[in-house]
Amino acid sequence: MQSGIVNVTKRTTDWNSIEWKNANRVVRRLRQRIFKATRNGDLKRVRNLQKLLMRSYSNIVLSIRRVTQINSGKKTAGVDKLLVLTPKARGTLADILAMGLAWKVLPVKRVYIRKSNGKQRPLGIPCIIDRCLQAIVKNALEPYWEARFERTSYGFRPGRGVHDAIERIHSMSKANSTKTWVVDADIEGCFDNIAHYPLLKAIGNFPARKLIQKWLKAGYVDKGVFHDTAKGVPQGGIISPLLANIALHGMESALNIRYNKHGQSISSRGICRYADDLVVFCKSQEDALRAVDDLSCWMKTKGLALSKSKTKIVHLTQGFNFLGFNIRWYQDKNTKLGRKVLIKPSKESLQNVRNNIRQVWLENKSNNVNYLIGKLNPIIRGVANYYRTVVSSHIFRKLDRWMYVREKRYAKRMHPKKSSGWRKSKYWGRLNLDRNDNWVFGDKRTGQFLFKFSWFNIKRHTLVKGDGSYDNPELREYWELRRKRKSHNLIPSYQKLAQKQGYKCPVCGESLFNDEPIEKHHKIPRCEGGKDSYANLELMHYFCHRQVHSVGLKREEEVLVQNNHESSTVFGSIRIG
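Residues numbered from 1 in each chain as written. Predicted model: local features only at pLDDT ≥ 70, side-chain atom pairs only at ≥ 80, totals over all residues. Heavy atoms only, no water.

Engineer: Looking at this structure, I do not really get the domain arrangement of the chain. What am I missing?
Structural biologist: Quite often, the size of an interface is put as the accessible area lost when its parts meet. Taken domain by domain, the chain consists of domain 1 (9–148 + 197–229), domain 2 (151–195 + 231–344), domain 3 (347–455) and domain 4 (473–558). On a C-alpha basis, the centroid separation for the pair domain 3 and domain 4 is 29 Å. (Domains from an automatic or database assignment.)

Engineer: Help me understand the sheet that holds strand S10 (residues 320–322) in this model?
Structural biologist: Backbone-to-backbone hydrogen bonds pair the strands of a sheet. The strands run either parallel or antiparallel. One open sheet accounts for 3 strands, arranged S10-S11-S12; its pairing is antiparallel. Each edge of the open sheet carries a strand with a single partner, namely S10 and strand S12 (339–345). The average undirected angle you get between the axes of adjacent strands in this sheet is 30 degrees. (Pairing = 2+ DSSP bridges. Helix = DSSP H or I, 4+ residues; strand = E, 2+ residues; numbered from the N terminus. Axes fitted to C-alpha atoms, helices over the stretch in contact; angles between N-to-C directions.)

Engineer: What is the right way to look at the packing of helix H3 (residues 57–70) against helix H5 (residues 128–146) in this model?
Structural biologist: A pair of packed helices is captured by two measures, namely the crossing angle of their axes and the spacing between those axes. Axis separation between H3 and H5 bottoms out at 8 Å; the angle between their running directions is 125 degrees. With respect to H5, the element H3 is oriented oblique. Like other packed secondary-structure pairs, H3 and H5 cross with a definite hand, here right-handed. The segment H3 lies against H5, with Asn59, Ile60, Ser63, Ile64, Val67 and Thr68 engaging Ile128, Arg131, Cys132, Ala135, Ile136 and Asn139. Among the residues making up the contact of H3 with H5, the classes are represented as 7 nonpolar, 4 polar and 1 charged. (Parallel < 35°, antiparallel > 145°, perpendicular 65-115°, else oblique. Left-handed = near helix turned anticlockwise from the far one by under 90°. Contact = heavy atoms within 4.5 Å. Nonpolar A, V, L, I, M, F, W, Y, C, P; charged D, E, K, R; others polar.)

Engineer: How do you make sense of the nonpolar core when you look at a structure like this?
Structural biologist: For soluble globular proteins, the rule of thumb is that nonpolar side chains tend to be buried together. Counting residues in each nonpolar core, the largest one holds 89 residues, and the members touching the most others are Ile212 and Leu243. No other element matches H5, which puts 11 residues into this core. Not counting the four nearest positions on each side in its chain, Ile212 is found in contact with Val137, Leu141, Leu200, Ile203, Phe206, Ile239 and Leu243. Ala165, Ile166, Val341 and Trp455 belong to the second largest nonpolar core, which has 57 residues in total. (Core = buried A, V, L, I, M, F, W, Y, C linked by side-chain atoms within 4.5 Å. Buried < 20%, exposed > 50% of the residue type's maximum accessible area, 1.4 Å probe, protein only.)

Engineer: What is the right way to read a positive patch on the surface from this model?
Structural biologist: A cluster of basic side chains, namely Arg25, Arg29, Arg33, Lys36 and Arg45, defines a positive patch on the protein surface. Tracing the backbone shows Lys36 in helix H1 (residues 20–39). (Patch = residues over 30% accessible without salt bridge, like charges linked within 9 Å, V, L, I, M, F, W, Y side chains within 5 Å. Areas by Shrake-Rupley, 256 points an atom, 1.4 Å probe, with all protein chains shown as cover. Salt bridge = Lys/Arg side-chain N within 4 Å of Asp/Glu carboxyl O. Lys, Arg positive; Asp, Glu negative; His and termini not counted. Charge placed at Lys NZ, Arg CZ, Asp CG, Glu CD.)

Engineer: Could you clarify how one ought to interpret empty space enclosed by the protein in this entry?
Structural biologist: Unfilled space is identified by rolling a water-sized probe across the atoms. In the structure shown here, the tally under the stated rule is 3 cavities of 30 Å³ or more. If you add up the space inside the largest cavity, you get close to 60 Å³. Every residue lining the largest cavity is listed: Gln134, Ile212, Trp215, Leu216, Val233, Pro234, Ile239, Ser240 and Leu243. Of all elements in the fold, only helix H9 (209–217) and helix H10 (240–248) reach the threshold of two or more residues within the lining of the largest cavity. Of all the elements, H9 adds the most residues to the lining of the largest cavity, at 3 residues. Considering only residue class, the lining of the largest cavity consists of 7 nonpolar, 2 polar and no charged. (1 Å grid on protein atoms, 1.4 Å probe; cavity = no way out; pocket = protein on both sides within 12 Å on 5 of 7 lines; lining within 4 Å. Points joined across faces, edges and corners; volume = space filled by probe spheres on them.)

Engineer: Please explain unusual backbone geometry as it appears in this structure.
Structural biologist: Excluding glycine, residues mostly have negative phi values, and the peptide bonds linking residues are mostly trans. Phi is positive for Lys81, close to 60 degrees, though the residue is something other than glycine. Along the chain, Lys81 falls in the loop between H3 and strand S1 (82–84). If you check the backbone angles, Asn256 has positive phi at about 60 degrees while not being a glycine. Looking at the secondary structure, you find Asn256 in the loop between helix H11 (251–254) and strand S7 (269–274). Classification of Asn256 by relative accessible area gives partly exposed; the value is 49%.

Engineer: Got a minute to help me understand the sheet that holds S7 in this structure?
Structural biologist: Strand order in the open sheet formed by 4 strands is S7-S8-S4-S9, and the pairing between neighbours is antiparallel. Two strands lie at the open edges of the sheet, namely S7 and strand S9 (312–315), each paired on one side alone. Strand-to-strand, the axes of this sheet are offset by a mean angle of 20 degrees, without reference to chain direction. Inspection of the sheet shows S7 paired to strand S8 (residues 277–282) by 6 bridges, in the antiparallel sense. Its bridge partner lying in S8, Gly270 is registered against Phe281.

Engineer: What should I look at first to understand the packing of aromatic side chains in this one?
Structural biologist: Ring pairs (aromatic) are described by centroid distance and by the angle formed between their planes. Enumeration according to the criterion identifies 26 aromatic pairs in this entry. Their ring planes at 85 degrees and their centres at 6.1 Å tell us that Tyr410 and Phe441 sit as a pair that is edge-to-face. With a gap of 31 residues between them, Tyr410 in helix H15 (residues 393–414) and Phe441 in strand S14 (residues 440–441) connect regions that are remote in the sequence. Judged by its relative accessible area of 4%, Tyr410 is buried. An aromatic cluster is built from Trp361, Tyr404, Tyr410, Tyr427, Trp428, Trp439 and Phe441, whose rings are joined through pairwise contacts. (Phe/Tyr/Trp six-rings, centres within 6.5 Å; stacked < 30°, edge-to-face > 60°.)

Engineer: For this particular structure, what's the right way to read the pattern of salt bridges?
Structural biologist: Any two side chains of opposite charge can pair, on the condition that their charged atoms come close. Within the structure shown, the criterion is met by 16 salt bridges. A salt bridge links Arg476 to Glu480, with the shortest nitrogen-to-oxygen separation between them at 3.4 Å. Linking Arg476 with Glu480, this pair stays in helix H17 (residues 476–485), spanning 4 residues, or about one helical turn. Overall, Arg476 belongs to the partly exposed group, its relative accessible area being 49%. Classification of Glu480 by relative accessible area gives partly exposed; the value is 23%.

Written as structure tokens, this is what we have:
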């Protein structure tokens, strides 16, 4: 691609003027039409709608927003070393993608991240244009498979998550359950070993099938050396989780798991899968062994295999860990059957939580208390919201006692020559006026205080409805209700604002809880006399908030390429390096 392409089209997208409500509405309706046509078996209509969605300008700009603004890897470049970081660069990229020019797929850049067990996990980072194209293709491919995916698949699917998987396991492991033996299975290097041919065969005659094949065969660059990819899906690609779910689709049939017309299991086995993590419930140890054989035979056809060292068969009285939780039967004389199932945070995951928080304390041991609180509170809120759906009250109190020890050490380090009474008076008090607690750690001058885990009440998660999907137009009201329930993760003042505006962003019209960061916006700016009252505040997505304030403000500095010798990129405002 050469810099002259910039002048091919006269239209230039003004990124800060895009009508996001309209773009979201167009993409959502097309996805729902694809879903409905799939359920009706009208494959010709499905393909036509998929082509329409991939050419849609609304899909293009939403995909660019996802890749260059929302995704955590937006500042990580691929092998071409290009980044799109400014509104004008995003508008230029939208114009180029809208022209539908032929694009040569580039290899991914291999990077490594540290796993909890100390090993390295390889990630493949595509270039920015490949990521945008993958997001465009994913929006067209995903609703077709959402209409077909198994109801026990919860990983990397819209509207489903970890807590749905845990609630599914809870329903299958209750005290009166007859499926008491569990296959705790681990797939050996799932993403790295998926066979390409069965995956492409499953995708069928999807309009962008050849482009997906090119992504699979593109190879990777590790430390400047190119390597071919004969198998596997690169972790780090936008479309990779969807491709992995497609490859693993059919596991229920392999295990002979069936349902009646009401969606209730009528088989001697049960399964719960979150991406490549899965557990199978069986009625006997012998059947559990047969289930392992059935899974192994089926996975061979996908180029996969179960890990012999990590796959184990346990009874519910022994318990097992899944997604950071421990599921186990405990004796209870007060119950009819003399037992009950309890799901708690696993010991390993709690140790990881302590290690992460300890690292923050150590890294900021000489910083002021307000900066430290700003670092710790998001971690505490995230951990508490993740584990508050299970039996965690006792563990939360233990974590609070552990945090108190760290608080005392910090105070003593900052003021080694002061008495304990002086330090107590300076750092502890009833800083949270909503609670009758005189031992809240914080800064009395600014009013900032450190959260406590025990402040987060236990709140059960409601399991997603059967094979319910975001793309099912018949379940629109159902999904709106589920989105509203997510507001309990917000602070109380934000909960009131979210309820007042119907739990939707006023700029893009989408749910506030679509994984984008949220900020409060002053309708009348404070510089013009606006107050911090509920009447003058509303919640917006972070990037929608930036768009609102972009009008009248000085535009970000951008340098467009004028001469070919200055850069080989088509984007003047793309950072190289």
